[in-house]
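These are the residues of each chain, in order.
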Amino acid sequence: MKNFLVIGVGPHARLNHLPTLWAGRSAGLVGTVIGVDLADAAGDIAAAFNSGTDTPELLVTFIEPFDASARAVPAPVRETLDRLVREHAVGAVVISTEPSFHMAYTHWALEHGLDVLLDKPMSVHANCSVDPSRASAILTDFDEVLSRYETARRTRPELLVAVQCQRRHHPAFLRMRRLIAEVAEATNCPVTSVQSFHSDGQWRMPSELIDITYHSFDRGYGKCAHSGYHFFDIVPWLLRAGETPGKELDNVDIHANFSRPRDFLAQLDVDDYARLFPESEAANPYSHEQLLAATESFGEVDAFVSMAYKSGGRTMTLGSINLVHNGFSQRGRFRPALANLYKGNGRVRHESHIIEQGPFQAIHFHSLQTLGDDANAADPYEVGGQSHIEIHVFRNNTFEPRWKKYETLGYEALTTVSESGPEEPTQSASRRRAMQEFLEYVNGRRAREHMSSELTDHRRSATLMAGTYLSAAQQWVDGSPVARLDFRPGSEGSTGADSCLGDPNVCDLMDVPL
């Protein structure tokens, strides 16, 4: 069993990573778990671990904040981390910090030969939505860490860096990928269009745009960095199932339109909030003018992004990824029920994907939460009876009579069975599966070729995120609205990603003909 260092024990890690690590400890996959976080967060962390719940105790070491633009962790932080590795014989690291610090900590971990589970996105830079050079650096960061990873593996071949992207483990997305591959094999037709949409219904009051710093906009980025990477990742992962020899995607044109906090404040201004919430006038310390001045170069609230994926100069696939914070919500009070807006406070998640494969197949995926839950801070996304998930599959059975014309796959049909029991089609279950896979690998129970989300398989994902911010930043400085980038996957190594994620159990589970 390896001992784990968790860098960043904020709300995301407490909800997702730590429970799986503690369960892994009981299962003999995890030894000691040590936490690291900023000294500024000490009060919040103490409150979370002394809340009267059954949360196990966690030894947390606090470090001083440092500049997110640093290419390496500063000497005092490095000395603290090095000491923890020595004293606790740490063998693996979970990096769950604010994303602009991911690369510095990943470089440190690779220097020490530590296996890494890295939260998404892999990298982001302050003001990347308004500065083209900082947007481009997102992709440069990926290439740099990939180079360091390949160098580190020359002396420690078993070293692993995995990226936590749970949709690659979600039964619905596994099924859709299989469906695409089946039709591509039968027809040689790629995915010809894909429309993806995600809204998390996070209604922020005007003062919260400035005062709430968790998943905030003040660093010059927003929704695309908060949860957008999941979609920049899952779309090319799905598209690859339809690529065939001679029709590999090698280039992408990206055009992004952003709605920023200043736009959000035009949609509903301070006077509107005073009418909607009479208490807001006294509680809001900022005038409308102050809000506009403070948020001028803030990051995006909503992003609608258009893509043209090409092969040899020809457009193979048209796509859109539309990401919304400011969508339907069940928040109904001015003061939030919880201190941060990460979960709860009426957030309602809606997600859809519409995939067309020429004249042969259409796939509609819908995952819709119906109720918000201010009272349930544990996981309000998936409370019993509040979530709806379905895949609608349409196939041209006039062309191929063996195909079913139409089938609906709901919650029960998408619930699969593995050695550990039922795998429900939920994001929380998929996050557990992603982390469980990492624990199995570092304990020698899973081969590298059966890993679903190794770093080497993420260049296209980083390209879409970098290109989205590059398009927006170029427009900010009156440049071209289109970012044109190389979309070849680069060095993919041996990921097994083109064979049901390399997992024979998944292949068996997904091999259900339609």
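Residues numbered from 1 in each chain as written. Predicted model: local features only at pLDDT ≥ 70, side-chain atom pairs only at ≥ 80, totals over all residues. Heavy atoms only, no water.

A. Quick peek at the overall build of the protein chain. Helix and strand content of the protein chain: 16 helices and 17 strands. Computed over the C-alpha atoms, the radius of gyration of the protein chain is 23 Å, within 12% of the 24 Å expected from 2.2 N^0.38 for a compact globule of 514 residues. Once the C-alpha set of the protein chain is aligned to its principal axes, its extents read approximately 65 × 55 × 45 Å. Residues counted as buried form 58% of the 514 residues belonging to the protein chain. Sequence-distant contacts, at least 24 apart, represent 75% of the contacts inside the protein chain between residues at least 6 apart. In the structure as shown, the protein chain presents an accessible area of about 20200 Å², 51% of it carried by carbon and sulfur atoms. (Helix = DSSP H or I, 4+ residues; strand = E, 2+ residues; numbered from the N terminus. Rg over C-alpha atoms; globule rule 2.2 N^0.38 Å. Buried < 20%, exposed > 50% of the residue type's maximum accessible area, 1.4 Å probe, protein only. Contact = heavy atoms within 4.5 Å. Areas by Shrake-Rupley, 256 points an atom, 1.4 Å probe, with all protein chains shown as cover.)

B. Layout of the confidence of the model for the protein chain. With 90% of its residues at a pLDDT of 70 or more, the protein chain shows a mean pLDDT of 89. This model gives residues 373-385 a pLDDT under 50, and the stretch forms 31 contacts once residues within four places in sequence are excluded. Segment residues 491-514: pLDDT under 50, and 63 contacts once partners within four positions in sequence are set aside and those in other chains are kept. (pLDDT = per-residue confidence, 0-100.)

C. Structural view of the packing of aromatic side chains. For the structure shown, the criterion picks out 13 aromatic pairs. Relative to Phe101, the ring of Phe66 lies with its centre 5.1 Å away and its plane at 85 degrees, an arrangement referred to as edge-to-face. In this pair, Phe66 is assigned in the loop between β3 (59-63) and α3 (75-88) and Phe101 in the loop between β4 (90-95) and α4 (102-111), connecting sequence segments 35 residues apart. Directly above the ring of Trp237 sits Arg177, whose terminal nitrogen or CZ lies 4.4 Å from the centroid. Over the ring of Trp403 we find Arg395; its NZ or CZ atom is 5.4 Å from the centre of that ring. (Phe/Tyr/Trp six-rings, centres within 6.5 Å; stacked < 30°, edge-to-face > 60°. Lys NZ or Arg CZ within 6 Å of the ring centre and 35° of its normal.)

D. Structural context of the packing of helix α1 (residues 11-26) against helix α2 (residues 42-49). Two elements in contact, α1 and α2, have axes separated by 14 Å at closest approach and are oriented at 55 degrees. Our classification of the angle between α1 and α2 gives oblique. Crossing of α1 over α2 shows right-handed handedness. Residues Arg14, Leu18 and Trp22 of α1 pack against Asp44, Ile45, Ala48 and Phe49 of α2. (Axes fitted to C-alpha atoms, helices over the stretch in contact; angles between N-to-C directions. Parallel < 35°, antiparallel > 145°, perpendicular 65-115°, else oblique. Left-handed = near helix turned anticlockwise from the far one by under 90°.)

E. Focus on the pairing of strand β1 (residues 2-7). β1 sits mainly inside the fold: six of its six residues count as buried. Side chains Lys2, Phe4 and Val6 project from β1 onto one buried face, and the interleaved Asn3, Leu5 and Ile7 project onto a second face that is buried too. Remark: the β1/α1/strand β2 (residues 30-38) crossover connection has right-handed handedness. Pairing of β1 with β4, which is carried by five bridges, proceeds in the parallel orientation. Paired with Phe4 across the two strands is Ala92, which belongs to β4. (Right-handed = clockwise from strand over helix to strand, strands pointing away. Pairing = 2+ DSSP bridges.)

F. Summary view of unusual backbone geometry. A cis amide bond links Lys120 with the next residue in sequence, Pro121, at an omega value of -20 degrees. Along the chain, Pro121 falls in the loop between β5 (115-119) and α5 (132-155). At Asn188, a residue that is not glycine, the phi angle is positive and equals roughly 65 degrees. The topology assignment puts Asn188 in the loop between α6 (171-187) and β7 (193-199). Under the relative-accessibility criterion, Asn188 is labelled partly exposed at 34%. In this model, Asp478 sits at a positive phi of 65 degrees, which is unusual for a non-glycine residue. By secondary structure assignment, the location of Asp478 is in the loop between α15 (459-476) and β17 (482-486). According to the relative accessible area criterion, Asp478 is exposed, its value standing at 74%.

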